[in-house]
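Residue-level listing of the chains:
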Amino acid sequence: DSPDTLVPDASVALWPAVESDLIDPAIEARIDELMAKMTLEQKVGQVIQADNGSITPEEVKRYRIGSVLSGGNSGPDGKPYGTVEEWVADGTLFPHNVGLGAMRDPDLMEEIARVTAVELRTTGHDWTFAPTVAVPRDDRWGRSYEGFGEDPEIVASYSAKIVQGLQGQFGSDDFLGDGHVISTAKHFLADGGTAGGKDQGDAILPEADLVRLHAAGYPPAIEAGALSVMASFSSWNGSKIHGDHYLLTDVLKGRMGFDGFVVGDWNAHGQLDGCTNEDCPAALLAGLDMYMAPDSWRGLYVNTLAQVQSGIIPEARLDDAVRRILRAKLHYGLF
């Protein structure tokens, strides 16, 4: 547990103000038109993500599920793992992120992301959970190889380049055009800074250090037009990120101007006090826009719908989440 003395300073002015504008008047007008026709049930469906191993295409249509995840053990061919030969035949293999960070070459990193986007589109995917902008500070963390380095400057130098390679140049005709996919900056925040390197642990540090060490990758990603950010399993000074209104709403969406949507991690909302995988209004109220509910989506749909109907979740908060999700989909051209 965190010491009582380490209470977050909650000083939003410590955080960088970011200039990014995903608000396109034509897209916003289209969102208004769509949302005016949507039922409450359809809106709730949009804020839920299921895993393809736990849902059928018919259920996606019936519940209007917002997105479908291809999880690590839910390969589209029904096999949990591919052989080395299958990977070599079907895709380009790049080094782990820790190796890519060691090369100190942001321009090459952009090209790697561009190739990755083309191969993702070829296999039918339109969204990827990259870039990982974690700053691993303890090599005992089992996922430290997913970070580009322990120096925030390395992470910051790669962040925008990866987003541009995946999504295309923000503001250009190439943005989210053919051969590009939606990107996700993750995991917000300080997943690489937990005490003892414990996975899904607690980053115990003052707010100024949280900003200096662990937030460096987010402003460049937001400025480059990243359409989604993934919330972290981990905590900051004892507060689970998935339930932290200050970080998700005041800091990320407010101070840092993020107009995309916040997606959760694998049933991480269920770890909040008073929550289960199938029942967690607290996460949506804190600023989560899309629950990652791979195998819990049915119960979560039923409970979230009931919570909006009863007023536990204000309809305005649901509408904001749906607007952010539809904004990404319209930028991408899914309609």
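Residues numbered from 1 in each chain as written. Predicted model: local features only at pLDDT ≥ 70, side-chain atom pairs only at ≥ 80, totals over all residues. Heavy atoms only, no water.

Novice: Could you clarify how one ought to interpret the sheet that holds strand β2 (residues 67-69) in this entry?
Specialist: What links the strands of a sheet is backbone hydrogen bonding, and the strands pair in either a parallel or an antiparallel sense. A sheet is described by the order of its strands in space; here three strands give the open sequence β2-β1-β9, paired in parallel fashion. Taken across any chain shown, the strands that pair with only one partner, and hence form the sheet edges, are β2 and β9 (291-292). Relative to β2, strand β1 (residues 48-51) is paired through three bridges, and the arrangement is parallel. Within β2, the residue paired with Asp51 across the bridge is Leu69. (Pairing = 2+ DSSP bridges. Helix = DSSP H or I, 4+ residues; strand = E, 2+ residues; numbered from the N terminus.)

Novice: Looking at this structure, I do not really get the packing of aromatic side chains. What am I missing?
Specialist: For any pair of aromatic rings, the description rests on two quantities: the centre-to-centre distance and the angle between the ring planes. Applying the stated criterion across every chain, the model contains seven aromatic pairs. For the pair Trp127 and Phe261, a centre-to-centre distance of 5.3 Å together with 65 degrees between the ring planes defines the contact as edge-to-face. Highlighted residues: Trp127 in the loop between α6 (106-122) and α7 (152-167) and Phe261 in strand β8 (residues 261-263), separated in sequence by 134 residues. For the residue pair Trp127 and Phe261, the accessibility class agrees, reading buried in each case. Members of the aromatic cluster, each reached through a chain of ring pairs, are Tyr63, Trp297 and Tyr301. (Phe/Tyr/Trp six-rings, centres within 6.5 Å; stacked < 30°, edge-to-face > 60°. Buried < 20%, exposed > 50% of the residue type's maximum accessible area, 1.4 Å probe, protein only.)

Novice: Mind showing me how you'd approach the pattern of salt bridges here?
Specialist: In a structure, side chains of opposite charge can pair up when their charged atoms sit close to one another. Per the counting criterion, the structure on display carries 18 salt bridges. A salt bridge links Lys43 to Glu315, with the shortest nitrogen-to-oxygen separation between them at 3.8 Å. With a gap of 272 residues between them, Lys43 in helix α2 (residues 40-46) and Glu315 in helix α13 (residues 315-332) connect regions that are remote in the sequence. Judged by its relative accessible area of 7%, Lys43 is buried. Residue Glu315 is classed as partly exposed on the basis of its relative accessible area, which comes to 41%. A salt bridge links Lys161 to Asp107, with the shortest nitrogen-to-oxygen separation between them at 2.9 Å. Linking Lys161 in helix α7 with Asp107 in helix α6, this pair joins segments that are 54 residues apart in sequence. Assessed through its relative accessible area of 23%, Lys161 is described here as partly exposed. With relative accessibility at 51%, the residue Asp107 sits in the exposed group. (Salt bridge = Lys/Arg side-chain N within 4 Å of Asp/Glu carboxyl O.)

Novice: It is not clear to me how the side chain of Ser296 should be interpreted in this structure. Could you clarify?
Specialist: The topology assignment puts Ser296 in the loop between β9 and α12 (297-310). Judged by its relative accessible area of 4%, Ser296 falls in the buried class. A polar side-chain atom of Ser296 sits 2.7 Å from a polar atom in the side chain of Asn267. Ignoring any residue separated from it by four or fewer positions in sequence, one finds Ser296 in contact with Asn267, His269, Asn277 and Glu278. (Polar contact = N/O pair within 3.5 Å; in protein donor to acceptor, adjacent residues only side chain to side chain. Contact = heavy atoms within 4.5 Å.)

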